[in-house]
Amino acid sequence: MTATHEQTLCAKAKDRSALIGIVGMGYVGLPLAAEMADAGYTVVGFDVSQRVVDLINAGTSHVQDVPTERLRAFVKAGKLSATTDLSRMREPDCIVIAVPTPLSKTRDPDVSYIVAATESVAKTLRTGQIIVLESTTYPGTTRELMLPALERSGLTVGKDFFLAFSPERVDPGNPKFNTRNTPKVVGGITAACTRVAEAIYAPAIERMVPVSSPEAAELVKLLENTFRSVNIGLVNEMAIVCDKLGVDVWEVIEAAASKPFGFMKFTPGPGVGGHCIPLDPHYLAWKMRTLNYRTRFIELAGEINAEMPEYWVTKVVDALNDAGKAARGSSILVLGVAYKKDIDDIRESPALDIIRLLERRGAHVAYHDPHIPEFKEDSLVMRSVPLTVATVRAADCVVIVTDHSAIDYAMVGQARAVVDTRHILTGRAPR
Ligand SMILES: NC(=O)c1ccc[n+]([C@@H]2O[C@H](COP(=O)([O-])OP(=O)(O)OC[C@H]3O[C@@H](n4cnc5c(N)ncnc54)[C@H](O)[C@@H]3O)[C@@H](O)[C@H]2O)c1
């Protein structure tokens, strides 16, 4: 009796002879490629960026979570390579898609990268391949967008080829949880699709969490990030409430967190950043609008979080006012422009809004960030200034936006005025 494609793929997973293809070698794709190579698979990364492909093939990592030495060892051993030649997608047994899913200018989902990647896969689809989408997206993408394009080949899903969704949960810069030890949810179009996907990932990921459909798996990711967005929105609103009541929000949060059940600690800050929390809930909101339902929690949390930069800029203006100064002509030092601590990513960072809002008021803004030596975002082109007693003292106000570990906060405490959006200057109440 000849083996089914499911049996063949599961056997190839077991002895690691399955060739893994990863489409999109960015923050998500490269760490996954490294884990797959570590598990004993041979991995080929596909990317439309020649720069990314050249870097990987030279053994140089462009993603902070994958050290160059680790990548170089895989490249040298022939376990990991990259190519811009998308016609080679016929070669892998498993193709994981991890391309960007941004929002359009009107804040609607932009699934054009998923469509483009799916078309590339469809052109060379063959029997015995499994395709897994990892990009965060609205429920229905795998079944409604990808499946018809792949079935145009005449092949049958669940029998000739397999299709599943498995959300990426990577938390860049997290010292404890990485791709390997973060449980991985997977939902296939058919039960066989789920089984094959589980078998392929199992050697590289400590725990797999199968669900009954791609829609459930797609929603898991959106629930997780909506949960964070809503709770951050709630605690940001609580910060505004406490400010108006003259109560220290941090004292309230710490005391509330002493409750051993029914409370989860979230902390207020300058807003939300990165390519997940500010964007992903909009994917769900958009999908629900197509079904005539308005996701009110999502929209309200998004509004409050988006207003936080303005709130903190008002605090800067108040601090300047206390010193008898106007915002116009003042010199402000922003500490940290990355969207969260100890990472080098400024995408959607609230620091950028804070800088723009301060400049709009006529302030002269400089920044220091040990992870971002320079950046260009639309009209903003800036270079990090050194953090010295002189630069700290020269500023009319220092605004702590990102609480990077490498910053000497005792020195920052010597500033004429500090607005601390992260409550990092211990012992000082946020202003
Ligand atoms: N970065 C995170 O922390 C994170 C966490 C969880 C989920 N995600 C999700 O994972 C997905 C990927 O995000 P990312 O941060 O890795 O993006 P990224 O921008 O770092 O990497 C994406 C890569 O895909 C490449 N690419 C674009 N179109 C392509 C195509 N048609 N064919 C081949 N390559 C193509 C790009 O050149 C880029 O190198 C997104 O849906 C994102 O929402 C990201």
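Right, let's walk through the structure included here.

Reading the values: rules and limits
- Residues numbered from 1 in each chain as written.
- Predicted model: local features only at pLDDT ≥ 70, side-chain atom pairs only at ≥ 80, totals over all residues.
- Heavy atoms only, no water.
- Pairing = 2+ DSSP bridges.
- Helix = DSSP H or I, 4+ residues; strand = E, 2+ residues; numbered from the N terminus.
- Axes fitted to C-alpha atoms, helices over the stretch in contact; angles between N-to-C directions.
- Contact = heavy atoms within 4.5 Å.
- 1 Å grid on protein atoms, 1.4 Å probe; cavity = no way out; pocket = protein on both sides within 12 Å on 5 of 7 lines; lining within 4 Å.
- Points joined across faces, edges and corners; volume = space filled by probe spheres on them.
- Nonpolar A, V, L, I, M, F, W, Y, C, P; charged D, E, K, R; others polar.
- Near = heavy atom within 4 Å.
- Polar contact = N/O pair within 3.5 Å; in protein donor to acceptor, adjacent residues only side chain to side chain.
- Areas by Shrake-Rupley, 256 points an atom, 1.4 Å probe, with all protein chains shown as cover.

### Observations concerning the sheet that holds strand 10 (residues 364-368)
Right, so step 1: Read across the sheet, 4 strands follow the order 10-9-13-14 without closing on themselves; strand pairing throughout is parallel. Among the strands making up the open sheet, the edge pair consists of strand 10 and strand 14 (418-420). Pairs of neighbouring strands in the sheet enclose a mean axial angle of 20°, with direction left out of account.
Right, so step 2: With 3 bridges joining them, strand 13 (residues 397-400) and strand 14 adopt parallel strand pairing. By the bridge assignment for strand 14, Val399 is matched with Val419.
Right, so step 3: Most of the contacts of helix 11 (residues 296-322) go to strand 14, to which it runs at about 155°, and overall it touches strand 9 (331-335), strand 13 and strand 14.

### Concerning empty space enclosed by the protein
Right, so step 1: In total, this model carries 3 cavities of 30 Å³ or more according to the counting rule given.
Right, so step 2: Lining the largest cavity we find Tyr27, Val63, Gln64, Asp65, Val170, Pro172, Gly173, Ile343, Asp344 and Asp345.
Right, so step 3: Counted by class, the lining of the largest cavity contains 5 nonpolar, 2 polar and 3 charged residues.
Right, so step 4: In terms of lining, the second largest cavity is formed by Pro167, Glu168, Arg169, Thr179, Thr182, Pro183, Lys184 and Ile205.

### Some remarks on the layout of surface pockets
Right, so step 1: In this structure, the second largest pocket encloses a volume near 940 Å³.
Right, so step 2: Lining the second largest pocket are 32 residues, and of these Leu103, Arg107, Pro278, Leu279 and Glu348 sit closest to its centre.
Right, so step 3: Elements that contribute at least two residues to the lining of the second largest pocket include exactly helix 10 (280-290), helix 11 and helix 12 (350-360).
Right, so step 4: Sorting elements by how many residues they give to the lining of the second largest pocket places helix 11 first, with 6 residues.

### Quick word on the site of the ligand
Right, so step 1: Lining the immediate environment of the ligand, one finds 26 residues, of which Tyr27, Val28, Asp47, Thr101 and Thr136 sit closest.
Right, so step 2: A distance of 3.4 Å separates an oxygen atom of the ligand from a polar backbone atom of Val99.
Right, so step 3: Backbone polar atom of Thr136 to an oxygen atom of the ligand: 3.0 Å apart, as the coordinates give it.
Right, so step 4: Coverage of the ligand by the protein amounts to 90% of the 830 Å² it exposes when considered alone.
Right, so step 5: If you tally residues by element for the shell around the ligand, the top one is helix 5 (residues 112-124), at 3 residues.
Right, so step 6: Per-class residue counts for the shell around the ligand are 15 nonpolar, 7 polar and 4 charged.

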